[in-house]
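# Remarks on the overall topology
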Amino acid sequence: MSKQMMLEVTEVEPLTPLVTRFRFEHPEKAPLPIFSGGAHVVVEMPDGEMLRRNAYSLISDPNDASGYEIAVRREETGRGGSRYMHSEVTPGTRMRISVPTNLFALDPRARKHVLIAGGIGITPFLSHLRQLDLLQQPFELHYAARSRDEAAGLKLLPKSARIHVQISDEGNRMDLGEILTDQPIGTHVYVCGPEGLISAVLDAAARHGWPKGALHSEAFASPPPGKPFTVTLAKSGRTIEVSASQSLLEALEAAKVEIDWSCRGGACGRCETKVAACDGQIEHNDHWLSRDERAEQKKIMPCMSRFTGAALVLDL
Amino acid sequence: MPNTSFSPSIESRPTYAGLVPQGSAPSIMIADAEGAEAIMDLAERDAAVLDQAHLIYIPKGAKFGSKLAELGAKGYHEEASLDAAMALINRLLGSAHMGTQLYLAGSEGMMGRVSALALSLGLPLDAIQMEHRGSIGRPMQCVHCKGVTQDVTTDPFTCSHCGLTLFVRDHFSRRLGVFQAVCVDAETPGVVPEIQEITA
Amino acid sequence: MTLQFNDETFRGDYSYFNTEHAIKRLPFPFDRDEYVYSVNIEAHPGGPKGSPFEFRFDVDEHYVSEMKDRAITLDDDPLRCQSLPHMELAGWDLLEIIMVSKAEDYTDLFTLHRDGNRWHWINRPLGIEQRFTFLDPTTLPCGPMEYITRQTQGDFALLHERDGNLWMDAGMVTSQADWSLDFDIGMNFFEWHAPVPKAKQMGVFDKALKFLLAMQQGQSYRRLNWTMTVNPRLDTSPENYHKWGPEKRTITPENVGRKQHLRIELQSFWRLPRSNAIAFPIRCYLACLEDICTQPKWGRRLHRVLRDIDPTLAEYKGFAVNQDMIVNYLSQFDDGAPTSPGIFPDA
C-alpha cells in the first residue's frame, strides 16, 4: 500500500475525442515529490459504492514539483475507471493520488534508447523524453496509433527528427524489422502499448537475435471486466462476490480484506496471493507469474486475474 | 573433453552453460587453447554459425589452429596472446550491432576479460555465450596491489606483481573478469598453509 | 545542546574514545540474548530523543575525526570512492537528501539555502561553505556523491534497480567490515552478498531484496548489523588486510577489554526520487568491551551472545581466534540475571 496525497484537479483538457489530460496540484500549492521517467501514480476514484484505484503513467516533467499530469483514454468496455475520469472529474475535484512508483525505468547504461509506443502506450515515454533530454542520451521514438483520434501523443510530443509517427488508418505501419536492424551494441528497446504490439516487438527482437536483457516492456493493462464469480477466504471462511465490473482486488478491498498492492496492473508482484484450492480455471491476466506458475494454479494476482469454475479458495 | 563442470559454489562464481548455435547471425567467436574444440563442436552442430563469423583464436601452444582456419569463418584471426588480440576484439565488439552473437570458449581468464569488455560496451550478460574448456587455471586479482595473476592453478599462490602469498577465493567480479585473491598470512606473517592444486 | 567533537584517531595511536554520553546512546545490536540472522527491518528515522535513530543521518561526537580519517584513506587509495557513469543522478539524489536532512535536523551545524538550482551549503563543523548549481557537477570540486559523503559519517552504497535486482553501482567505502568496493562495484544483490555464510540457504537475501524493491519514494528503513574489530580502526578493508591483520593477534587477557571493539552498523535504506535508485548508508559505531560493559544489561547479553554463537559466524565475523579471551573477559559481567527485552540499556 503506498503513501497518498490529496490533490486537486486544476486542468482537464481533451487531447483527442478519446483521450483527456488531467493536471493535479497540491491544494496549497506545496511542491509534490519529483520522480523518475516512466513512473506512475495510482488514482483513487470513489465511484458510488465502489472505490476504484487505477494506475496512470505520469506524463509531466519528472523534475517539475508544481504538479502531476496524466492522460486517460476512455475505455467504453472497461470496468468504469476511465469513464469515471472522463465524466465525473472536473477542475476543482480533489482526489487521492499515490506517491510515484517506477516499474518502467530506462536503463541509464544504454548507449542508445529505442522507444516504441502504441496508442495510449505513449504516456510513460513522455516523462522519459524529459529525462533523456536532461541526461543528453541518444534515442529514437516510434509511435504507432490506429487513428488520429487515438493519437493523444501528437499534441504532447516535441518536434524532433528522432520521433517517428505512424498512423495505421492513413496506411503507415511500423517496420519493426528495420527498427531493430543495425542498432549499435548497447542499445536498449522499450515498448509500451497493447499486447499485440508488445508481442510483435519481442518476437521480432528474438528473430533478430536481440538478448532479452536489452528488451523492456510495459503492457498498458487495466483489469479486464468479465463474468461475476465467487471466492472463499480460507482463514475466515468468508465468501466474497466479485462483480462483472470489479477486479478481484477491488472486491477484496471492498470487503475490507487487507492486501498489499502497488501497480494494479499485474506487473509488480505485490498482491501475489496463494490459492488454497481451485476447482476451475484461473484467468491469469498478469505479467508476473511464470508459465509454470500459471499452470499450477497455486497463485493468483488479484489485481488482474479472474476465475471461472466451481470454487476458488484463497489463502487469506 | 566437454564443457568443464565446476562444483557448486557461491552466487558470484560464474558458471558456463556451453555454446548453442544461433544460426547464421553475425557473430564474434573467441577461443583459446582447448576452447577450439568447443568451436568445432559448435560448427559441427550447425555449420551456418560460421557464415558471418569473425573467429579469433589464441592457441597458447595448442595445435588446433589449422583445423579452425579450415572451418570457413568469414574472418579467421590467429593471435599470439590475448593481450595481442585485444585491439582486434575491441574493434569488432565496438562496431557490432545488437543481434551480433558472442561465443567465448576456453579459459576463465580469456572469457572473463572479453565478457567484461562486452559488458562495459553495453552487451547484456544473456547475450554472451561461454563454454569452459581446458586448464582450470584462474585469473586472480590481488586485492592488495590490484595486479592480476593469470592461470593460477594452486592455492595459495604468489602474486606475480607484489609477491604476497594469496589464497584463492570463488568471489568473482564480472566488471573486472577476475576472481579475488587475499593475503593468506595477513594475521600471522610467514605462516602459510601447504600449497595445493585447485580443483574444478 | 551543541555537540563537542572529539579530537581522536582511528589508526596509529588509536586515541579514539567514547564519552559516557556516546556510550549510552550506542545502537546496541542485540535485542535478545542470542544472535540469529534476520532481516530485522524497521522504519527510519524514529526513536527516543537523543538516540541515533532520532534523525535521518546521525551526527555525533566522532564526526570531525571520522571525516579526517576518511580523507586519509582516500588520499591513500582513491578507488575507495567510485561511481559507474550512469550513477551521477543518484549521486545528486543522495546529496539532496543528506543536505536537506542535516540542515533541518541540525540547524546549528548545517545550513542550506536553495534558490531554484542555485544552492548554498554551509557545514560549520568542517568549515565548508559552497555555492553550486544543483545537477551541474562542474560546480562542485568532485562528483556529488563523493562531495557529500566526504562530509557524512558512514559508508555509502548506491544501488541501481534493473531486471528485478539491485546493482551496487556506486559507493564511498572507507570503514567497511572487510569488503572491497573496487571489487564488488557493479555486482547485483546476490553476487555481492555471496561470501556471507548460510544466509542464502535461509532465504534471507531473497526476502531482503523483495522488501527493498518494494520500497517507495519517501519511505526509509533501517536495520542493525555488527561485527568485531581489534582496535578502533575504521579502515578494515581487504586492501589493507596485510597491514591491520597482525593487530588481530595482539589481544591478551589484560588488554581485551580496551582493545576488542564491537563494531555496530546502523544500515538504512532510502528510495531516491530522480534516479529510482536506493541509497544504502552503513553507519559504523565502535565501542570497546569496557564501554559496553558499563551498561550491565549489555555486558550480560554480549557475553551470552558471543559465547553461544554459531562457530561459522564467529569465523565470518572475524573474532574466532580471540573468542575464548573475549568470552572469558565478558563472563565477569554476567551474573546470570535475566535481561530485559529490546536494545536500550536499563535506566
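Residues numbered from 1 in each chain as written. Chains lettered and ligands numbered in written order. Predicted model: local features only at pLDDT ≥ 70, side-chain atom pairs only at ≥ 80, totals over all residues. Heavy atoms only, no water.

### So, unusual backbone geometry
Selection rule: Where helices and strands are cited, they refer to DSSP runs of H or I of at least four residues and of E of at least two residues respectively, numbered from the N terminus.
Residue Pro 156 of chain B is reached from Asp 155 of chain B by a cis peptide bond, and omega for that bond is -5 degrees. Here the residue pair His 44 of chain C and Pro 45 of chain C is connected by a cis peptide bond, since its omega of -5 degrees sits within 30 degrees of zero. With respect to the helices, strands and loops of the structure, Pro 45 of chain C is situated in the loop between strand S1 (42–43) and helix H2 (63–76). In this structure, Lys 60 of chain B takes a positive phi of about 50 degrees despite not being glycine.

### Remarks on the UniProt feature "domain: Dimethylamine monooxygenase subunit DmmA-like N-terminal" (unreviewed entry) in chain B
To keep things clear, this is the line we draw: UniProt positions are given in the numbering used here, feature names are shortened, and annotations may be inferred rather than shown by experiment.
The residues that UniProt annotates with the feature "domain: Dimethylamine monooxygenase subunit DmmA-like N-terminal" (unreviewed entry) are residues 9–126 of chain B. Here residues 9–126 of chain B is 36% helix and 19% strand, with 20 Å between the C-alpha atoms at its ends.

### A few points about the packing of aromatic side chains
Let me state the cut-off plainly: A pair of aromatic rings is counted whenever rings of Phe, Tyr or Trp (Trp by its six-membered ring) have centres within 6.5 Å, and the orientation is called stacked for planes under 30 degrees apart, edge-to-face for over 60 and tilted otherwise. For every residue, the accessible area obtained with a 1.4 Å probe (protein chains only) is divided by the maximum for its type, and the residue is called buried under 20%, exposed over 50%, and partly exposed between those limits. We call a charge positioned above a ring when the Lys NZ or Arg CZ atom is no farther than 6 Å from the ring centre and deviates by at most 35 degrees from the ring normal.
Scanning all chains against the criterion turns up 31 aromatic pairs over all chains. Seen in terms of ring centroids, Phe 229 of chain A and Phe 307 of chain A are 6.4 Å apart; in terms of plane orientation they differ by 65 degrees. Their pairing is edge-to-face. Of this pair, Phe 229 of chain A sits in strand S13 (residues 229–233) while Phe 307 of chain A sits in strand S17 (residues 306–314), placing them 78 residues apart in sequence. Assessed through its relative accessible area of 6%, Phe 229 of chain A is described here as buried. Here the aromatic rings of Trp 92 of chain C and Phe 132 of chain C are separated by 6.3 Å at their centres, their planes lie at 20 degrees, and the arrangement is stacked. Separated by 40 residues along the polypeptide, Trp 92 of chain C in helix H3 (residues 88–105) and Phe 132 of chain C in strand S5 (residues 128–133) bring together distant segments of the chain. Each member of the pair, Trp 92 of chain C as well as Phe 132 of chain C, carries the same accessibility label: buried. Cluster of aromatic residues (ring-pair linked, three or more members): Phe 5, Phe 55, Tyr 63, Tyr 106, Phe 110 and Trp 121 of chain C. Arg 264 of chain A extends its terminal NZ or CZ atom over the ring of Trp 261 of chain A, reaching a point 4.5 Å from the ring centre. The positively charged end of Arg 13 of chain B is found above the aromatic ring belonging to Phe 6 of chain B, 4.2 Å away from the centroid.

### What about the UniProt feature "domain: Dimethylamine monooxygenase subunit DmmA-like C-terminal" (unreviewed entry) in chain B?
The UniProt feature table records "domain: Dimethylamine monooxygenase subunit DmmA-like C-terminal" (unreviewed entry) at residues 140–182 of chain B. Along residues 140–182 of chain B one finds 0% helix and 60% strand; the C-alpha atoms at either end are 10 Å apart.

### Some thoughts on the confidence of the model for chain B
Going by this rule: Here pLDDT means the predictor's own confidence in every residue, given as a number from 0 to 100.
Residues at a pLDDT of 70 or more form 100% of chain B, whose mean pLDDT is 95. This complex was scored by the predictor with a pTM of 0.92 and an ipTM of 0.93.

### So, the sheet that holds strand S12 (residues 215–219) of chain A
All names here are of chain A. What counts here: Two strands are counted as paired when DSSP detects at least two bridges linking them. Each axis is a line fitted through C-alpha atoms, and for a helix only the stretch in contact is used; angles between axes span 0 to 180 degrees, taken between their N-to-C directions.
Sheet architecture is open: five strands sit in the order S10-S9-S8-S11-S12, paired in parallel fashion. Edge strands, defined here as strands with exactly one partner in the open sheet, are strand S10 (163–167) and S12. Within the sheet, the average angular offset between the axes of one strand and its neighbour, ignoring direction, is 10 degrees. Where strand S9 (residues 139–145) lies against S10, five bridges are found, and the strand directions are parallel.

### Structural notes on the domain arrangement of chain B
Residue and element names in this part refer to chain B. Here is the rule we go by: Per the annotation, domain bounds derive from an automatic or database assignment of domains. Contacts: residue pairs with any heavy atoms within 4.5 Å of one another. Defined here as a combined quantity, buried area equals the accessible surface (1.4 Å probe) lost by two parts on assembly, summed across both. For this analysis, a salt bridge means a side-chain nitrogen from Lys or Arg found within 4 Å of a carboxyl oxygen belonging to Asp or Glu. As used in this structure description, the phrase polar contact means that two N or O atoms lie within 3.5 Å; if the pair is within protein, one of them must be able to donate a hydrogen and the other to accept it, and residues adjacent in sequence are counted only when both atoms belong to side chains.
For chain B, the assigned domains read domain 1 (27–132) and domain 2 (138–197). Taking only C-alpha atoms into account, the centre of domain 1 sits 27 Å from that of domain 2. Domain 1 puts eight residues into the contact, and the matching count from domain 2 is 10 residues. Taken together, the two surfaces of domain 1 and domain 2 that pack against each other cover about 620 Å², and 57% of this comes from carbon and sulfur. Of all residues in domain 1, Glu 108, Gly 109 and Ala 116 bury the most surface against domain 2, accounting for 49% of the area lost on that side. Our count for the contact surface shared by domain 1 and domain 2 stands at one salt bridge. Asp 151 serves as the salt-bridge partner of Lys 60, at 3.7 Å between the closest nitrogen and oxygen. Counting across the interface, domain 1 meets domain 2 through zero residue pairs in polar contact (both at pLDDT 80 or more).

### Topic: the pairing of strand S8 (residues 112–118) of chain A
All names here are of chain A. As a reminder, the rule being used: Whether a crossover is right-handed depends on one test, that the path from the first strand over the helix to the second runs clockwise when the strands point away from the viewer.
Burial within S8 is extensive, with seven of its seven residues counted as buried. Taking every second residue as pointing to the same face, both faces of S8 are buried, with Lys 112, Val 114, Ile 116 and Gly 118 on one and His 113, Leu 115 and Ala 117 on the other. Of the strand pairs in this sheet, S8 and S9 are connected by six bridges, and their pairing is parallel. Residue pairing in the sheet places Val 114 in a bridge with Glu 140 of S9. Remark: the S8/helix H2 (residues 123–135)/S9 crossover connection has right-handed handedness.

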